[in-house]
Amino acid sequence: MVGKDSPFYVPPVLDVLGRAVCRFSQSWLWLGKLESLALGPQIADREIKQPIYVCGLARSGSTLLHEVLAAHPQVATHRIKDYPFVSTPYWWRRATAATRPSAARERPHRDKMMITSDSPDALEEMLWMAHFPHCHDPHHDNRLGAHDRNPPFDRYYRNHLRKLMLAESKVRYAAKANYHLGRLEYLLRLFPDARFVIPVRDPESHIASLMRQHQWFAAGHRESPPSLTVMQTSGHFEFGLDRRPTNLGNHERVQQIEDAWSRGHEVRGWAVYWDMVYNYLADLLDCNAAIRKASVVVSFDDLCVNPANELHRVLDHCALPDPRPIIEKFAPGIRTPDYYSSGLTTAESAMIRSETAATVRRFEMLLQ
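An account of the accompanying structure is given in this report. (Residues numbered from 1 in each chain as written. Predicted model: local features only at pLDDT ≥ 70, side-chain atom pairs only at ≥ 80, totals over all residues. Heavy atoms only, no water.)

**Focus on the packing of aromatic side chains**
Thought 1: Scanning all chains against the criterion turns up 21 aromatic pairs.
Thought 2: Between Trp128 and Tyr186 the ring centres are 6.0 Å apart and the planes differ by 65°, which places this aromatic pair in the edge-to-face class. Of the two residues, Trp128 is situated in helix H6 (residues 125-131) and Tyr186 in helix H8 (residues 184-190); the sequence distance between them amounts to 58 residues. The pair formed by Trp128 and Tyr186 is uniform in burial state, with each residue classed as buried.
Thought 3: Among the aromatic residues, those joined into a ring-pair cluster are Trp128, Phe132, Phe153, Tyr157, Tyr186 and Phe191.
Thought 4: Across from the ring centre of Tyr156, 6.0 Å away, lies the NZ or CZ of Lys163, which sits over that ring.
Thought 5: One cation-aromatic arrangement involves Arg189 over Tyr186; the distance from NZ or CZ to the ring centre is 4.7 Å. (Phe/Tyr/Trp six-rings, centres within 6.5 Å; stacked < 30°, edge-to-face > 60°. Helix = DSSP H or I, 4+ residues; strand = E, 2+ residues; numbered from the N terminus. Buried < 20%, exposed > 50% of the residue type's maximum accessible area, 1.4 Å probe, protein only. Lys NZ or Arg CZ within 6 Å of the ring centre and 35° of its normal.)

Spelled out as structure tokens, the structure:
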């Protein structure tokens, strides 16, 4: 049995509650609807203005950008303490109002990011999974476009954002939602003034980081099966024992990725995946003027070299006033990661550059 000092330790009560919420998801959705009904007068006139979504592959800097945005005094977001009762954000926040935040600790990723129970977290995926059952099945097209419709979800989701803003007494909403990269058109239909923050990272360092996390989390999941359950129920399939590529409509490329991984060709699988995801995003930005206007592309590498300038660009794009205190808080601590080596061979680096070169050039042009 894994000890409490393990980064993958899950308290038994949290394991039980997470499994219960997953197993009886429709009951928890019903409670969310009941909460919305009870709070009707308080949320009816609450405007959802320019919601902010950070969308990109894991390990692209999305967590850091989410933390920066969530630190703004106008912004509400999901937090670690909300798991697994995401569907009733207002009642759960009221029930836990007197609970003190947990002590700061390094998150399981071993990337020097410190977290507490109040830290921002990517949890809204639980709502999408409950309403779109195939959204993480690689053998289905996982995209949601402007013509897709799910009125029950749309009503539920809008009310959910209103309740979370009410719970935090804020007027804006931000989420780290990497899987939304295949749902940008759907979100823009729901919220025509939405703001998208799209981080992109040099593929060599990005893939090295993804590989390291996959190996680390797979070992952690073997050591602590409940930690795998938490990732599955909260909607995280980026790495670990239940790793799944997102299907963005190119079934042949998804098959190539899965075949490479199944044969132990980790670098090739990740290179094809990186190229598929960011080529899809480049196509979307090229052909959809509304998505392009709503989006700011952030180079992770530029963010590490010139954090103040890049954070100012992001906060300005998101129309968040008085950005200076946020920039002064975060910019001094942002730097190029130096806590591990890539571990890639010369041949592996060359293969990544060959596979991703055309897409890298597309994003270089987008960043000009």
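**Some remarks on unusual backbone geometry**
Trans peptide bonds make up most of the peptide bonds, and negative phi angles are found at most residues other than glycine.
Thought 1: Across the junction of Tyr83 and Pro84, the peptide omega takes the value 5°, indicating a cis bond.
Thought 2: By the element assignment, Pro84 lies in the loop between strand E2 (75-76) and helix H5 (89-95).
Thought 3: At Gln50, a position not held by glycine, the phi torsion is positive, near 45°.
Thought 4: Inspection of the secondary structure assignment puts Gln50 in the loop between helix H3 (40-43) and strand E1 (52-54).
Thought 5: Its identity as a non-glycine residue notwithstanding, Ser169 has a phi of 55°, on the positive side.
Thought 6: If you trace the backbone, Ser169 turns up in the loop between helix H7 (151-168) and strand E5 (172-176).

**As for the nonpolar core**
Thought 1: Judged by nonpolar contacts, the single largest core of 72 residues is most densely connected at Tyr53, Tyr157, Phe196, Val277 and Leu281.
Thought 2: Tallying contributions element by element places helix H12 (residues 266-287) first for this core, with 14 residues.
Thought 3: Residues within four places of Leu281 in sequence aside, it is in contact with Leu181, Leu184, Ile198 and Phe363.
Thought 4: Leu64, Val298, Leu303 and Ile326 belong to the second largest nonpolar core, which has 22 residues in total. (Core = buried A, V, L, I, M, F, W, Y, C linked by side-chain atoms within 4.5 Å. Contact = heavy atoms within 4.5 Å.)

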